[in-house]
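# Observations on the three-dimensional arrangement
So you can see what is in the structure, the chains are spelled out below.
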Amino acid sequence: MQNNVRPESMARITTKELADAFIAEQVAEVRAQVGDKKVLLALSGGVDSSVVAALLIKAIGKQLVCVHVNHGLMRKDESEEVIRIFRDGLDANLIYIDATDRFLGKLKDVAEPEKKRKIIGNEFIVVFDEEARKLDDIDFLAQGTIYPDIIESDGVKAHHNVGGLPEDMKFELVEPIKLLYKDEVRVVGKALGLPSSMVDRQPFPGPGLGVRCLGAITRDRLEALREADAILREEFDICGLSKTVWQYFIAVPDMKSVGVKDGKRYEGWPAIIRAVNTEDAMTATIEEIPYNVLHKITNRITAEVEGINRVLLDLTPKPVGTIEWE
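So, a few notes on the structure that sits alongside this text. (Residues numbered from 1 in each chain as written. Predicted model: local features only at pLDDT ≥ 70, side-chain atom pairs only at ≥ 80, totals over all residues. Heavy atoms only, no water.)

### Topic: the overall build of the protein chain
A count of helices and strands for the protein chain gives 10 helices and 10 strands. Taking 20 Å as the expected radius of gyration for a compact globule of 326 residues, we find that the protein chain reaches 21 Å, a close match to that expectation. Along the first, second and third principal axes, the C-alpha set of the protein chain runs to 70 × 40 × 35 Å. Carbon and sulfur atoms make up 52% of the accessible area of the protein chain, which totals about 15800 Å². On the protein chain, the mean spot of the 43 positive side-chain charges and the mean spot of the 54 negative ones are 3 Å from each other. (Helix = DSSP H or I, 4+ residues; strand = E, 2+ residues; numbered from the N terminus. Rg over C-alpha atoms; globule rule 2.2 N^0.38 Å. Areas by Shrake-Rupley, 256 points an atom, 1.4 Å probe, with all protein chains shown as cover. Lys, Arg positive; Asp, Glu negative; His and termini not counted. Charge placed at Lys NZ, Arg CZ, Asp CG, Glu CD.)

### Considering unusual backbone geometry
With omega at -15°, the peptide bond leading from Lys318 into Pro319 counts as cis. A positive phi angle, near 70°, is found at Asp77, a position not held by glycine. Its location among the elements puts Asp77 in the loop between strand S2 (64-70) and helix H3 (78-89). Located in the positive-phi region is Asp262, a residue other than glycine, with phi close to 50°. Looking at the secondary structure, you find Asp262 in the loop between strand S7 (257-261) and strand S8 (264-277). Note on Asp262: relative accessible area 74%, which makes it exposed. (Buried < 20%, exposed > 50% of the residue type's maximum accessible area, 1.4 Å probe, protein only.)

### Some details on the sheet that holds S2
By definition, the strands of a sheet pair up through backbone hydrogen bonds, in either a parallel or an antiparallel sense. Pairing is parallel across the open sheet formed by five strands, whose spatial order is S3-S2-S1-S4-S5. For this open sheet the edge positions go to strand S3 (93-98) and strand S5 (172-174), each flanked by a neighbour on one side alone. Each neighbouring strand pair of the sheet contributes to a mean axis angle of 30°, computed without reference to strand direction. Inspection of the sheet shows S2 paired to S3 by six bridges, in the parallel sense. Of the residues in S3, the one forming a bridge with His68 is Tyr96. In the packing of helix H1 (residues 16-34) onto the sheet, contacts are made with strand S1 (38-42), strand S4 (138-142) and S5, and the angle to S5 comes to roughly 165°. The sheet contacts of helix H5 (residues 113-134) involve S1, S2, S3 and S4, and relative to S1 the element is tilted by about 160°. (Pairing = 2+ DSSP bridges. Axes fitted to C-alpha atoms, helices over the stretch in contact; angles between N-to-C directions. Contact = heavy atoms within 4.5 Å.)

### Here's the deal with the pairing of S2
Taken across its seven residues, S2 has seven buried, putting it largely inside the fold. Side-chain alternation along S2 places Leu64, Cys66, His68 and Asn70 on one buried face and Val65, Val67 and Val69 on a second face that is also buried. Pairing geometry for S1 and S2, over four bridges, is parallel. Within the sheet, the bridge partner assigned to Leu40 lies in S2 and is Val65. Assessed by its sense of winding, the connection that carries the chain from S2 through H3 to S3 is right-handed. (Right-handed = clockwise from strand over helix to strand, strands pointing away.)

### A few points about the pattern of salt bridges
The tally for this structure, following the rule as stated, stands at 26 salt bridges. For the salt bridge of Arg75 with Glu78, the shortest nitrogen-to-oxygen distance reads 2.9 Å. Here Asp200 makes a salt bridge to Lys190, at a shortest N to O gap of 3.1 Å. Remark: Lys190 occurs in helix H7 (residues 182-191) and Asp200 occurs in the loop between helix H8 (196-199) and helix H9 (219-239); sequence separation between them is 10 residues. Using a relative accessible area of 36% as the deciding quantity, one classes Asp200 as partly exposed. You can call Lys190 partly exposed: its relative accessible area is 44%. Each of Glu234, Glu235, Lys296, Arg300 and Glu304 takes part in one network of salt bridges that share partners. (Salt bridge = Lys/Arg side-chain N within 4 Å of Asp/Glu carboxyl O.)

### Quick look at the side chain of Ser79
Among the structural elements, Ser79 can be located in helix H3. Among the polar contacts made by the side chain of Ser79, one reaches the side chain of His68 at a distance of 2.8 Å. There is a polar contact of 3.5 Å between the side chain of Ser79 and the side chain of Asn70. Non-local contacts of Ser79, meaning those with residues more than four positions away in its chain, are made with His68, Asn70, Met74 and Tyr96. (Polar contact = N/O pair within 3.5 Å; in protein donor to acceptor, adjacent residues only side chain to side chain.)

### Regarding the environment of Asn3
With respect to the element layout, Asn3 can be found in the segment before H1. Along the backbone, Asn3 and Lys178 are 175 residues apart, and their C-alpha atoms lie at a distance of 9.4 Å. Residues contacting Asn3, with those up to four places away along its chain left out, are Lys178 and Leu179.

### Details of the packing of H1 against H7
Between H1 and H7, the shortest axis-to-axis distance is 9 Å and the interhelical angle comes to 85°. Put simply, H1 runs roughly perpendicular to H7. Between H1 and H7, the residues in contact are Lys16, Ala19, Asp20, Phe22 and Ile23 and Val187, Val188 and Ala191, respectively. Across the contact of H1 with H7, the residue classes break down as six nonpolar, no polar and two charged. (Parallel < 35°, antiparallel > 145°, perpendicular 65-115°, else oblique. Nonpolar A, V, L, I, M, F, W, Y, C, P; charged D, E, K, R; others polar.)

### Observations regarding the packing of aromatic side chains
Two measures describe an aromatic ring pair: the distance that separates the ring centres and the angle between the ring planes. What the rule picks out here adds up to three aromatic pairs. Relative to Tyr181, the ring of Tyr147 lies with its centre 5.6 Å away and its plane at 90°, an arrangement referred to as edge-to-face. With a gap of 34 residues between them, Tyr147 in helix H6 (residues 147-153) and Tyr181 in the loop between S5 and H7 connect regions that are remote in the sequence. Positioned above the aromatic ring of Phe204, the side-chain terminus of Arg75 is 4.1 Å from the ring centre. Of note, Lys256 hangs over the ring of Trp269, and the distance from its end group to the ring centre comes to 4.9 Å. (Phe/Tyr/Trp six-rings, centres within 6.5 Å; stacked < 30°, edge-to-face > 60°. Lys NZ or Arg CZ within 6 Å of the ring centre and 35° of its normal.)

See the structure below:
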């Protein structure tokens, strides 16, 4: 197996031909490492875990066991897309767990952002651990570690992706894309036949919409956030901004203001648009959004999303503001 240092002679993967060569090499390496044993993978639907899943399915087929945990904080239709692409399309050995009630129960009345993050992260490990213990003969754990993770953590990311699984669960790691940069992972994903909607996804935080439904999460506000975010993404796709903006999303705070609907006053939440560009996520600039696009997004969200009566635009660069609100 490769070590954790990318050789200087390794060409940047920019074309399908280079990606195909990398895939062939990794398929051979994985088969040599794994043999006829089983491999477990937490498949979030993010770029890295999805590319690892597609690569390992190509290499070892049903020997790969994918576990997708829906914590109820996914964007609209994301879990359904994971099932459609992997179980239906690639015939993956996929275990789907809808843990929405469990996660939202643990998060009830918790407003402090760090506490929310910890609860979501810890509960994910517990759910994943429970599923892993139901399976027999698992010898390997696959992870979507990529090269920037190794550089940033100085090689200690081995326990980072899935999080602190219990000490008595001993797995050998399979990390087929650990020497790749993010842009290379996307090229490889396309060469493996994954759709652009999955491979070109913008970054999405581990706690998902949990850090964008600001303050204590309620089901009605979470649902309003999910719908408003889907409208924003759809309109950015239509006008082409999805190709030029690094990250864009909606945040919905736990506050209401007076609005008017059907001739009557009513209280609703504001939806806050955040759209930023960045090279390294250390600093970020604000993307210009044409006013006609903003008007269309505002009209759609206020007309189509139950509970939202205002749309605001966050114009704060980083620094002063962080990219996420929480």
